[in-house]
Amino acid sequence: MLPLTNSPPPATAASANQQWGGRFAAGPAAVMQDINASIGFDQKLWRQDIAGSLAHAAMLTRCGIITPSDEHDIRHGLEGIAREIESGVFPFTAALEDIHMNIEARLTERVGEAGKRLHTARSRNDQVAADFRLWVRDAIDGIDAQVADTMRALALKAAAHAADPLPGFTHLQTAQPVTFGHHCLAYVEMLARDRSRLADCRRRMNECPLGAAALAGTSFPIDRHHTAAALGFDRPTANSLDSVSDRDFALEFLSAAAISAMHLSRLAEEIVIWCSAPFRFIRLSDAFTTGSSIMPQKRNPDAAELVRAKTGRITGALVALLTVMKGLALTYAKDMQEDKEPVFDAAAAWALSLAATAGMVRDLQPDTVRMRQFAGSGYATATDLADYLVRELKLPFRTAHHVTGRLVAKAEARGVDLSALTLADMQAEEAGITDAVFGVLTVEASVASRTSYGGTAPVRVAEQAARWLQVLA
(Lines give C-alpha, C1' and ligand atoms only; values in the text may rest on other atoms or scores of the structure.)
Protein backbone atom coordinates (compact mmCIF):
# COMPACT_ATOMS: atom_id res chain seq x y z
CA MET A 1 0.00 0.00 0.00
CA LEU A 2 1.20 3.49 -0.74
CA PRO A 3 1.97 5.68 2.27
CA LEU A 4 -0.96 7.79 3.41
CA THR A 5 -0.77 11.53 3.75
CA ASN A 6 -1.12 12.68 7.37
CA SER A 7 -2.47 9.29 8.44
CA PRO A 8 -3.90 9.35 11.97
CA PRO A 9 -3.31 6.65 14.60
CA PRO A 10 -5.12 3.32 14.06
CA ALA A 11 -8.87 3.73 14.28
CA THR A 12 -10.94 2.41 17.14
CA ALA A 13 -13.73 -0.06 16.49
CA ALA A 14 -16.27 2.73 16.65
CA SER A 15 -14.46 5.11 14.34
CA ALA A 16 -13.61 2.34 11.88
CA ASN A 17 -17.27 1.58 11.39
CA GLN A 18 -18.87 5.01 11.72
CA GLN A 19 -19.96 4.98 8.07
CA TRP A 20 -21.77 1.67 8.57
CA GLY A 21 -24.05 2.81 11.38
CA GLY A 22 -25.11 0.23 13.97
CA ARG A 23 -24.80 -2.94 11.89
CA PHE A 24 -21.28 -3.87 13.01
CA ALA A 25 -20.41 -3.80 16.69
CA ALA A 26 -16.78 -4.89 16.50
CA GLY A 27 -13.94 -3.37 14.49
CA PRO A 28 -12.18 -5.27 11.72
CA ALA A 29 -9.11 -7.36 12.31
CA ALA A 30 -5.93 -5.55 11.31
CA VAL A 31 -5.35 -7.83 8.34
CA MET A 32 -8.93 -7.26 7.19
CA GLN A 33 -8.38 -3.52 7.30
CA ASP A 34 -5.17 -3.91 5.30
CA ILE A 35 -6.68 -6.06 2.58
CA ASN A 36 -9.95 -4.14 2.44
CA ALA A 37 -8.64 -0.59 2.27
CA SER A 38 -7.90 0.97 -1.11
CA ILE A 39 -7.16 4.54 -0.10
CA GLY A 40 -3.45 3.92 -0.59
CA PHE A 41 -3.98 3.84 -4.37
CA ASP A 42 -7.45 5.18 -5.14
CA GLN A 43 -6.45 8.61 -3.85
CA LYS A 44 -5.73 9.21 -7.54
CA LEU A 45 -9.48 9.44 -8.10
CA TRP A 46 -10.04 12.41 -5.82
CA ARG A 47 -10.58 14.97 -8.58
CA GLN A 48 -13.03 12.69 -10.35
CA ASP A 49 -14.79 11.86 -7.09
CA ILE A 50 -15.31 15.51 -6.25
CA ALA A 51 -16.45 16.32 -9.79
CA GLY A 52 -18.98 13.48 -9.66
CA SER A 53 -20.24 14.58 -6.26
CA LEU A 54 -20.69 18.16 -7.41
CA ALA A 55 -22.69 17.02 -10.43
CA HIS A 56 -24.75 14.63 -8.30
CA ALA A 57 -25.55 17.35 -5.74
CA ALA A 58 -26.59 19.77 -8.49
CA MET A 59 -28.90 17.14 -9.98
CA LEU A 60 -30.44 16.31 -6.58
CA THR A 61 -31.21 19.99 -6.09
CA ARG A 62 -32.64 20.38 -9.58
CA CYS A 63 -34.94 17.42 -8.92
CA GLY A 64 -36.04 18.78 -5.52
CA ILE A 65 -34.45 15.93 -3.57
CA ILE A 66 -32.16 18.19 -1.51
CA THR A 67 -32.45 21.93 -0.89
CA PRO A 68 -30.42 24.65 -2.59
CA SER A 69 -28.99 25.45 0.83
CA ASP A 70 -27.74 21.88 1.19
CA GLU A 71 -26.18 22.01 -2.28
CA HIS A 72 -24.47 25.30 -1.43
CA ASP A 73 -22.95 23.79 1.69
CA ILE A 74 -21.93 20.62 -0.15
CA ARG A 75 -20.33 22.59 -2.94
CA HIS A 76 -18.48 24.87 -0.53
CA GLY A 77 -17.31 21.88 1.51
CA LEU A 78 -16.11 19.90 -1.53
CA GLU A 79 -14.22 22.91 -2.86
CA GLY A 80 -12.50 23.22 0.50
CA ILE A 81 -11.63 19.53 0.48
CA ALA A 82 -10.10 19.91 -2.99
CA ARG A 83 -7.88 22.69 -1.63
CA GLU A 84 -6.87 20.50 1.31
CA ILE A 85 -5.89 17.62 -0.94
CA GLU A 86 -3.99 19.86 -3.33
CA SER A 87 -2.04 21.40 -0.47
CA GLY A 88 -1.29 18.02 1.13
CA VAL A 89 -3.12 18.55 4.42
CA PHE A 90 -6.14 16.32 3.87
CA PRO A 91 -6.35 13.65 6.64
CA PHE A 92 -6.53 10.46 4.58
CA THR A 93 -7.14 7.39 6.71
CA ALA A 94 -7.23 3.68 5.91
CA ALA A 95 -9.99 3.26 8.49
CA LEU A 96 -12.37 4.82 5.97
CA GLU A 97 -11.27 2.36 3.31
CA ASP A 98 -11.40 4.40 0.11
CA ILE A 99 -11.38 7.84 -1.45
CA HIS A 100 -15.18 8.02 -1.48
CA MET A 101 -15.62 7.44 2.24
CA ASN A 102 -12.66 9.66 3.09
CA ILE A 103 -14.13 12.58 1.18
CA GLU A 104 -17.68 12.01 2.42
CA ALA A 105 -16.60 11.78 6.05
CA ARG A 106 -14.51 14.94 5.74
CA LEU A 107 -17.40 16.72 4.03
CA THR A 108 -19.70 15.87 6.94
CA GLU A 109 -17.07 17.16 9.37
CA ARG A 110 -16.95 20.44 7.47
CA VAL A 111 -20.63 21.08 6.68
CA GLY A 112 -22.63 18.83 9.01
CA GLU A 113 -26.02 17.42 8.00
CA ALA A 114 -25.80 18.62 4.41
CA GLY A 115 -22.81 16.36 3.91
CA LYS A 116 -24.85 13.34 4.99
CA ARG A 117 -27.43 14.08 2.30
CA LEU A 118 -24.94 13.89 -0.58
CA HIS A 119 -25.13 10.10 -0.82
CA THR A 120 -28.88 10.15 -1.46
CA ALA A 121 -29.79 8.15 -4.59
CA ARG A 122 -26.32 6.76 -5.17
CA SER A 123 -24.07 3.95 -3.98
CA ARG A 124 -20.34 3.52 -3.84
CA ASN A 125 -20.87 1.04 -6.69
CA ASP A 126 -22.09 3.57 -9.22
CA GLN A 127 -19.86 6.24 -7.67
CA VAL A 128 -16.63 4.31 -8.22
CA ALA A 129 -17.74 3.21 -11.69
CA ALA A 130 -18.27 6.85 -12.63
CA ASP A 131 -15.04 8.05 -11.01
CA PHE A 132 -13.04 5.33 -12.75
CA ARG A 133 -14.56 6.15 -16.15
CA LEU A 134 -13.73 9.81 -15.63
CA TRP A 135 -10.14 8.93 -14.71
CA VAL A 136 -9.66 6.65 -17.70
CA ARG A 137 -11.20 9.29 -19.97
CA ASP A 138 -8.76 11.89 -18.65
CA ALA A 139 -5.89 9.43 -19.11
CA ILE A 140 -6.94 8.78 -22.70
CA ASP A 141 -6.92 12.50 -23.48
CA GLY A 142 -3.45 12.95 -22.03
CA ILE A 143 -1.96 9.87 -23.65
CA ASP A 144 -3.56 10.67 -27.01
CA ALA A 145 -1.66 13.96 -26.99
CA GLN A 146 1.57 12.08 -26.22
CA VAL A 147 1.00 9.59 -29.04
CA ALA A 148 0.44 12.51 -31.42
CA ASP A 149 3.68 14.13 -30.23
CA THR A 150 5.61 10.91 -30.85
CA MET A 151 4.09 10.73 -34.33
CA ARG A 152 5.21 14.31 -35.01
CA ALA A 153 8.76 13.49 -33.95
CA LEU A 154 8.82 10.52 -36.34
CA ALA A 155 7.22 12.46 -39.21
CA LEU A 156 9.77 15.27 -38.84
CA LYS A 157 12.61 12.73 -38.89
CA ALA A 158 11.01 11.12 -41.96
CA ALA A 159 10.80 14.44 -43.78
CA ALA A 160 14.47 15.14 -43.04
CA HIS A 161 15.58 11.71 -44.28
CA ALA A 162 13.08 10.97 -47.03
CA ALA A 163 15.85 10.08 -49.50
CA ASP A 164 18.47 8.50 -47.22
CA PRO A 165 18.77 4.75 -47.98
CA LEU A 166 18.55 2.18 -45.22
CA PRO A 167 18.65 -1.61 -45.57
CA GLY A 168 15.17 -3.06 -45.35
CA PHE A 169 15.00 -6.42 -43.60
CA THR A 170 12.85 -9.50 -43.58
CA HIS A 171 13.81 -12.19 -41.06
CA LEU A 172 16.44 -9.59 -40.00
CA GLN A 173 18.19 -10.44 -43.27
CA THR A 174 18.88 -7.81 -45.93
CA ALA A 175 15.89 -7.74 -48.28
CA GLN A 176 15.54 -4.52 -50.30
CA PRO A 177 16.75 -0.95 -49.89
CA VAL A 178 14.26 1.44 -48.30
CA THR A 179 14.75 4.92 -46.90
CA PHE A 180 15.15 5.90 -43.28
CA GLY A 181 12.22 8.26 -43.68
CA HIS A 182 10.03 5.45 -44.94
CA HIS A 183 11.02 3.35 -41.92
CA CYS A 184 10.07 6.16 -39.56
CA LEU A 185 6.70 6.56 -41.25
CA ALA A 186 5.90 2.89 -40.67
CA TYR A 187 5.77 3.68 -36.94
CA VAL A 188 3.69 6.78 -37.59
CA GLU A 189 1.08 4.52 -39.18
CA MET A 190 1.19 2.11 -36.23
CA LEU A 191 0.79 4.93 -33.72
CA ALA A 192 -2.06 6.40 -35.75
CA ARG A 193 -3.94 3.13 -35.29
CA ASP A 194 -3.12 3.29 -31.58
CA ARG A 195 -4.77 6.70 -31.47
CA SER A 196 -7.76 5.30 -33.32
CA ARG A 197 -8.14 2.55 -30.74
CA LEU A 198 -7.99 5.15 -27.97
CA ALA A 199 -10.67 7.21 -29.68
CA ASP A 200 -12.88 4.15 -30.06
CA CYS A 201 -12.36 3.29 -26.40
CA ARG A 202 -13.24 6.82 -25.32
CA ARG A 203 -16.37 6.88 -27.44
CA ARG A 204 -17.66 3.55 -26.14
CA MET A 205 -16.92 4.28 -22.49
CA ASN A 206 -18.41 7.78 -22.46
CA GLU A 207 -21.63 6.83 -20.66
CA CYS A 208 -22.39 7.80 -17.09
CA PRO A 209 -23.12 5.10 -14.47
CA LEU A 210 -24.27 7.53 -11.77
CA GLY A 211 -27.86 6.78 -10.83
CA ALA A 212 -27.49 3.04 -11.20
CA ALA A 213 -27.01 3.08 -7.42
CA ALA A 214 -25.98 -0.26 -5.87
CA LEU A 215 -27.27 -2.37 -8.77
CA ALA A 216 -31.01 -1.83 -9.34
CA GLY A 217 -31.39 1.90 -9.86
CA THR A 218 -33.15 4.17 -7.36
CA SER A 219 -36.68 5.07 -6.33
CA PHE A 220 -35.78 8.76 -6.11
CA PRO A 221 -36.94 10.91 -9.06
CA ILE A 222 -33.43 11.66 -10.36
CA ASP A 223 -32.40 13.02 -13.75
CA ARG A 224 -29.54 10.83 -14.97
CA HIS A 225 -29.29 12.69 -18.29
CA HIS A 226 -28.57 15.91 -16.39
CA THR A 227 -25.77 14.30 -14.39
CA ALA A 228 -24.28 12.72 -17.50
CA ALA A 229 -24.26 16.01 -19.37
CA ALA A 230 -22.73 17.86 -16.44
CA LEU A 231 -19.80 15.43 -16.42
CA GLY A 232 -19.27 15.50 -20.17
CA PHE A 233 -20.71 12.05 -20.85
CA ASP A 234 -22.71 11.45 -24.00
CA ARG A 235 -25.55 9.73 -22.18
CA PRO A 236 -26.30 7.70 -19.04
CA THR A 237 -25.73 3.96 -19.08
CA ALA A 238 -28.88 2.02 -20.00
CA ASN A 239 -28.76 -0.92 -17.59
CA SER A 240 -28.09 -0.53 -13.89
CA LEU A 241 -26.68 -4.05 -13.49
CA ASP A 242 -24.19 -3.57 -16.29
CA SER A 243 -23.37 -0.06 -15.05
CA VAL A 244 -21.80 -1.21 -11.80
CA SER A 245 -20.52 -4.64 -12.77
CA ASP A 246 -18.35 -4.33 -15.87
CA ARG A 247 -14.91 -2.89 -16.38
CA ASP A 248 -14.62 -3.51 -20.10
CA PHE A 249 -13.81 0.17 -20.60
CA ALA A 250 -10.71 -0.31 -18.47
CA LEU A 251 -9.87 -3.55 -20.28
CA GLU A 252 -10.23 -1.83 -23.64
CA PHE A 253 -7.92 0.93 -22.44
CA LEU A 254 -5.38 -1.66 -21.29
CA SER A 255 -5.70 -3.52 -24.58
CA ALA A 256 -4.96 -0.32 -26.50
CA ALA A 257 -2.07 0.32 -24.14
CA ALA A 258 -0.63 -3.17 -24.64
CA ILE A 259 -0.81 -2.91 -28.44
CA SER A 260 0.78 0.53 -28.42
CA ALA A 261 3.47 -0.59 -25.98
CA MET A 262 4.25 -3.45 -28.35
CA HIS A 263 4.71 -0.93 -31.17
CA LEU A 264 6.99 1.20 -29.01
CA SER A 265 8.93 -1.90 -28.00
CA ARG A 266 9.55 -2.83 -31.64
CA LEU A 267 10.94 0.61 -32.34
CA ALA A 268 13.00 0.44 -29.15
CA GLU A 269 14.44 -2.89 -30.28
CA GLU A 270 15.46 -1.36 -33.60
CA ILE A 271 17.07 1.56 -31.83
CA VAL A 272 19.06 -0.90 -29.69
CA ILE A 273 20.15 -2.78 -32.82
CA TRP A 274 20.96 0.37 -34.79
CA CYS A 275 23.08 1.71 -31.92
CA SER A 276 25.14 -1.47 -31.64
CA ALA A 277 28.71 -1.56 -32.91
CA PRO A 278 28.06 -4.03 -35.76
CA PHE A 279 25.40 -1.69 -37.19
CA ARG A 280 26.18 1.88 -36.03
CA PHE A 281 23.31 3.24 -38.12
CA ILE A 282 22.40 5.88 -35.51
CA ARG A 283 23.88 7.64 -32.51
CA LEU A 284 22.07 8.71 -29.37
CA SER A 285 23.46 11.48 -27.22
CA ASP A 286 24.27 11.29 -23.51
CA ALA A 287 20.69 12.42 -22.84
CA PHE A 288 19.33 8.97 -23.69
CA THR A 289 22.26 6.65 -22.98
CA THR A 290 24.29 5.59 -19.98
CA GLY A 291 27.83 4.40 -19.43
CA SER A 292 29.24 1.26 -17.90
CA SER A 293 30.65 1.00 -14.38
CA ILE A 294 33.63 -0.99 -15.67
CA MET A 295 33.88 -0.49 -19.45
CA PRO A 296 34.58 3.16 -20.24
CA GLN A 297 33.95 2.78 -23.97
CA LYS A 298 30.32 1.76 -23.52
CA ARG A 299 27.34 3.90 -24.51
CA ASN A 300 24.26 1.91 -23.58
CA PRO A 301 20.80 2.70 -25.05
CA ASP A 302 19.12 2.26 -21.68
CA ALA A 303 16.08 4.40 -22.49
CA ALA A 304 15.22 2.15 -25.43
CA GLU A 305 15.83 -0.97 -23.37
CA LEU A 306 13.51 0.25 -20.63
CA VAL A 307 10.78 1.15 -23.12
CA ARG A 308 11.12 -2.39 -24.44
CA ALA A 309 10.90 -3.81 -20.92
CA LYS A 310 7.89 -1.78 -19.80
CA THR A 311 5.81 -3.60 -22.39
CA GLY A 312 5.77 -6.51 -19.94
CA ARG A 313 4.23 -4.37 -17.21
CA ILE A 314 1.53 -3.08 -19.52
CA THR A 315 0.67 -6.46 -21.00
CA GLY A 316 0.70 -7.88 -17.47
CA ALA A 317 -1.81 -5.27 -16.36
CA LEU A 318 -4.19 -6.35 -19.10
CA VAL A 319 -3.87 -10.01 -18.16
CA ALA A 320 -4.28 -9.18 -14.45
CA LEU A 321 -7.58 -7.35 -14.94
CA LEU A 322 -8.92 -9.94 -17.37
CA THR A 323 -8.18 -12.54 -14.70
CA VAL A 324 -9.94 -10.51 -12.00
CA MET A 325 -13.07 -10.08 -14.07
CA LYS A 326 -13.41 -13.46 -15.74
CA GLY A 327 -15.19 -15.30 -12.91
CA LEU A 328 -17.46 -12.61 -11.47
CA ALA A 329 -21.22 -13.12 -11.52
CA LEU A 330 -23.30 -9.94 -11.72
CA THR A 331 -23.06 -7.47 -10.20
CA TYR A 332 -20.38 -5.92 -7.98
CA ALA A 333 -17.84 -7.96 -6.03
CA LYS A 334 -14.96 -6.74 -3.91
CA ASP A 335 -12.59 -8.40 -6.40
CA MET A 336 -13.19 -5.33 -8.55
CA GLN A 337 -11.21 -3.21 -6.11
CA GLU A 338 -8.23 -4.76 -7.93
CA ASP A 339 -9.21 -2.97 -11.14
CA LYS A 340 -7.47 0.33 -10.52
CA GLU A 341 -3.84 -0.42 -9.72
CA PRO A 342 -3.17 -2.21 -13.03
CA VAL A 343 -4.73 0.66 -14.95
CA PHE A 344 -2.87 3.33 -12.99
CA ASP A 345 0.42 1.49 -13.41
CA ALA A 346 -0.07 0.79 -17.11
CA ALA A 347 -1.08 4.37 -17.86
CA ALA A 348 2.03 5.68 -16.09
CA ALA A 349 4.30 3.19 -17.88
CA TRP A 350 2.72 3.98 -21.25
CA ALA A 351 3.04 7.73 -20.75
CA LEU A 352 6.69 7.39 -19.70
CA SER A 353 7.46 5.10 -22.65
CA LEU A 354 5.92 7.58 -25.08
CA ALA A 355 7.88 10.46 -23.60
CA ALA A 356 11.12 8.48 -23.82
CA THR A 357 10.40 7.35 -27.38
CA ALA A 358 9.59 10.85 -28.61
CA GLY A 359 12.77 12.10 -26.94
CA MET A 360 14.94 9.39 -28.50
CA VAL A 361 13.51 9.96 -31.98
CA ARG A 362 14.27 13.66 -31.77
CA ASP A 363 17.71 12.97 -30.33
CA LEU A 364 18.99 10.24 -32.63
CA GLN A 365 21.34 11.14 -35.46
CA PRO A 366 21.44 8.71 -38.40
CA ASP A 367 24.79 7.86 -39.98
CA THR A 368 23.53 8.21 -43.53
CA VAL A 369 26.83 7.13 -45.11
CA ARG A 370 26.91 3.86 -43.19
CA MET A 371 23.22 3.20 -43.79
CA ARG A 372 23.74 3.77 -47.52
CA GLN A 373 26.71 1.40 -47.52
CA PHE A 374 24.70 -1.42 -45.97
CA ALA A 375 21.52 -0.72 -47.93
CA GLY A 376 23.13 -2.31 -50.97
CA SER A 377 24.67 -5.25 -49.17
CA GLY A 378 23.40 -8.81 -49.34
CA TYR A 379 22.35 -8.47 -52.97
CA ALA A 380 19.56 -6.13 -51.93
CA THR A 381 18.90 -5.06 -55.53
CA ALA A 382 18.22 -8.61 -56.74
CA THR A 383 14.48 -7.90 -56.91
CA ASP A 384 15.23 -4.87 -59.06
CA LEU A 385 17.07 -7.13 -61.47
CA ALA A 386 14.12 -9.53 -61.59
CA ASP A 387 11.73 -6.62 -62.17
CA TYR A 388 13.97 -5.38 -65.00
CA LEU A 389 13.78 -8.79 -66.70
CA VAL A 390 10.00 -8.76 -66.45
CA ARG A 391 9.59 -5.15 -67.51
CA GLU A 392 12.15 -4.95 -70.32
CA LEU A 393 12.45 -8.52 -71.59
CA LYS A 394 8.83 -9.53 -70.84
CA LEU A 395 9.92 -12.66 -69.00
CA PRO A 396 7.39 -14.28 -66.69
CA PHE A 397 8.23 -13.24 -63.16
CA ARG A 398 8.97 -16.79 -62.02
CA THR A 399 11.42 -17.22 -64.90
CA ALA A 400 13.00 -13.86 -64.07
CA HIS A 401 13.27 -14.98 -60.44
CA HIS A 402 15.23 -18.08 -61.46
CA VAL A 403 17.56 -16.11 -63.77
CA THR A 404 18.23 -13.64 -61.00
CA GLY A 405 18.90 -16.43 -58.54
CA ARG A 406 21.56 -17.89 -60.82
CA LEU A 407 23.19 -14.47 -61.21
CA VAL A 408 23.20 -13.95 -57.44
CA ALA A 409 24.85 -17.36 -57.01
CA LYS A 410 27.48 -16.39 -59.60
CA ALA A 411 28.21 -13.08 -57.83
CA GLU A 412 28.30 -14.78 -54.45
CA ALA A 413 30.77 -17.36 -55.72
CA ARG A 414 33.08 -14.57 -56.83
CA GLY A 415 32.55 -12.52 -53.67
CA VAL A 416 31.26 -9.47 -55.56
CA ASP A 417 28.02 -7.47 -55.80
CA LEU A 418 25.59 -7.97 -58.65
CA SER A 419 26.70 -4.69 -60.20
CA ALA A 420 30.26 -6.05 -60.41
CA LEU A 421 29.27 -8.82 -62.81
CA THR A 422 30.06 -8.11 -66.43
CA LEU A 423 27.44 -7.84 -69.14
CA ALA A 424 28.81 -11.08 -70.59
CA ASP A 425 28.29 -12.78 -67.23
CA MET A 426 24.68 -11.72 -67.25
CA GLN A 427 24.05 -12.55 -70.89
CA ALA A 428 25.35 -16.05 -70.24
CA GLU A 429 22.23 -16.55 -68.12
CA GLU A 430 19.82 -14.44 -70.22
CA ALA A 431 20.89 -13.30 -73.69
CA GLY A 432 18.48 -10.40 -73.87
CA ILE A 433 20.05 -8.45 -71.03
CA THR A 434 21.64 -5.14 -72.12
CA ASP A 435 23.92 -2.73 -70.33
CA ALA A 436 20.80 -0.81 -69.26
CA VAL A 437 20.56 -3.34 -66.47
CA PHE A 438 23.32 -1.60 -64.54
CA GLY A 439 21.09 1.45 -64.17
CA VAL A 440 18.68 -0.49 -61.97
CA LEU A 441 21.25 -2.11 -59.70
CA THR A 442 22.15 0.95 -57.58
CA VAL A 443 20.58 1.60 -54.21
CA GLU A 444 19.37 5.02 -55.31
CA ALA A 445 17.72 3.61 -58.42
CA SER A 446 16.10 0.88 -56.37
CA VAL A 447 14.44 3.17 -53.85
CA ALA A 448 13.51 5.74 -56.48
CA SER A 449 11.70 3.07 -58.49
CA ARG A 450 9.29 2.15 -55.68
CA THR A 451 6.78 4.82 -56.60
CA SER A 452 3.60 2.89 -55.85
CA TYR A 453 1.34 4.49 -53.24
CA GLY A 454 2.87 3.73 -49.85
CA GLY A 455 6.21 2.84 -51.40
CA THR A 456 9.69 3.89 -50.32
CA ALA A 457 10.48 6.21 -53.25
CA PRO A 458 11.75 9.50 -51.76
CA VAL A 459 9.00 11.45 -53.52
CA ARG A 460 6.35 9.24 -51.86
CA VAL A 461 8.04 9.43 -48.47
CA ALA A 462 8.18 13.22 -48.67
CA GLU A 463 4.49 13.33 -49.58
CA GLN A 464 3.48 11.09 -46.70
CA ALA A 465 5.65 12.96 -44.20
CA ALA A 466 4.12 16.26 -45.30
CA ARG A 467 0.62 14.80 -45.05
CA TRP A 468 1.18 13.56 -41.52
CA LEU A 469 2.75 16.81 -40.39
CA GLN A 470 -0.29 18.64 -41.67
CA VAL A 471 -2.65 16.20 -39.92
CA LEU A 472 -0.73 16.53 -36.67
CA ALA A 473 -0.28 20.31 -36.80
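Values in this document were obtained by computation on a predicted structure and should not be read as measured data.

S.K.: Explain the pattern of salt bridges here, please?
M.R.: Any two side chains of opposite charge can pair, on the condition that their charged atoms come close. Applying the stated criterion across every chain yields a total of 31 salt bridges. A salt bridge links R117 to D70, with the nearest nitrogen and oxygen atoms 3.7 Å apart. Here the residue R117 occupies a position in helix α7 (residues 113-117), and D70 occupies one in helix α5 (residues 68-87), the gap between them amounting to 47 residues. The partly exposed category is assigned to R117, whose relative accessible area is 37%. The class of D70 is buried, set by a relative accessible area of 11%. The salt bridge involving E84 is made with R110; its shortest N-O contact spans 2.8 Å. Taken together, the residues span a long stretch of sequence, with E84 in helix α5 and R110 in helix α6 (residues 99-111) at a distance of 26 residues. Through salt bridges with shared partners, one network takes in E84, R106, E109 and R110.

S.K.: So what exactly am I meant to see when it comes to the environment of L264 here?
M.R.: Within the element layout of this structure, L264 appears in helix α12 (residues 248-275). The class of L264 is buried, set by a relative accessible area of 3%. Not counting residues within four places of it along the chain, the set of residues in contact with L264 comprises L191, V307, W350, S353, L354 and T357.

S.K.: Hey, could you run me through the packing of aromatic side chains in this one?
M.R.: To describe a pair of aromatic rings, one takes the distance between the centres and the angle between the planes. Going through the model one piece at a time under the given rule, you end up with nine aromatic pairs. Aromatic pair F90 and F92: ring centres 4.6 Å apart, planes at 55°, arrangement tilted. Its relative accessible area of 1% is what places F90 among the buried residues. The exposure class of F92 is buried, given its relative accessible area of 4%. Consider the rings of F180 and W274, whose centres lie 5.6 Å apart with planes at 55°: the pair is tilted. Here F180 is found in helix α9 (residues 180-205), whereas its partner W274 is found in helix α12, with 94 residues between them in sequence. Residue F180 is classed as buried on the basis of its relative accessible area of 1%. An aromatic cluster of three or more residues is present, and its members are F132, W135, F249 and F344. A cation over an aromatic ring shows up here: K340 above the ring of F132, its NZ or CZ 5.7 Å from the ring centre. Just above the ring of W468 sits the side chain of R467; from NZ or CZ to the centre is 4.6 Å.

S.K.: Looking at this structure, how should I read the pairing of strand β2 (residues 173-179)?
M.R.: Every other side chain in a regular strand lies on the same face of the sheet, so the side chains alternate between the two faces. As paired elements, strand β1 (residues 165-170) and β2 share six bridges and run antiparallel to each other. The residue of β2 that forms the bridge with P167 is P177. What sits between the antiparallel neighbours β1 and β2 is a turn of two residues, in which H171 has the positive phi angle 60°.

S.K.: Would you mind showing me how to read the nonpolar core here?
M.R.: Burial of nonpolar side chains together is a common tendency in soluble globular proteins. Of all hydrophobic cores here, the largest spans 97 residues; its most connected members are V136, F253, V343 and W350. Per element, the largest residue contribution to this core is 16 residues, and it comes from α12. Counting 19 residues, the second largest nonpolar core, distinct from the first, contains V403, V408, I433 and V437.

Criteria and thresholds
Residues numbered from 1 in each chain as written. Predicted model: local features only at pLDDT ≥ 70, side-chain atom pairs only at ≥ 80, totals over all residues. Heavy atoms only, no water. Salt bridge = Lys/Arg side-chain N within 4 Å of Asp/Glu carboxyl O. Helix = DSSP H or I, 4+ residues; strand = E, 2+ residues; numbered from the N terminus. Buried < 20%, exposed > 50% of the residue type's maximum accessible area, 1.4 Å probe, protein only. Contact = heavy atoms within 4.5 Å. Phe/Tyr/Trp six-rings, centres within 6.5 Å; stacked < 30°, edge-to-face > 60°. Lys NZ or Arg CZ within 6 Å of the ring centre and 35° of its normal. Pairing = 2+ DSSP bridges. Core = buried A, V, L, I, M, F, W, Y, C linked by side-chain atoms within 4.5 Å.

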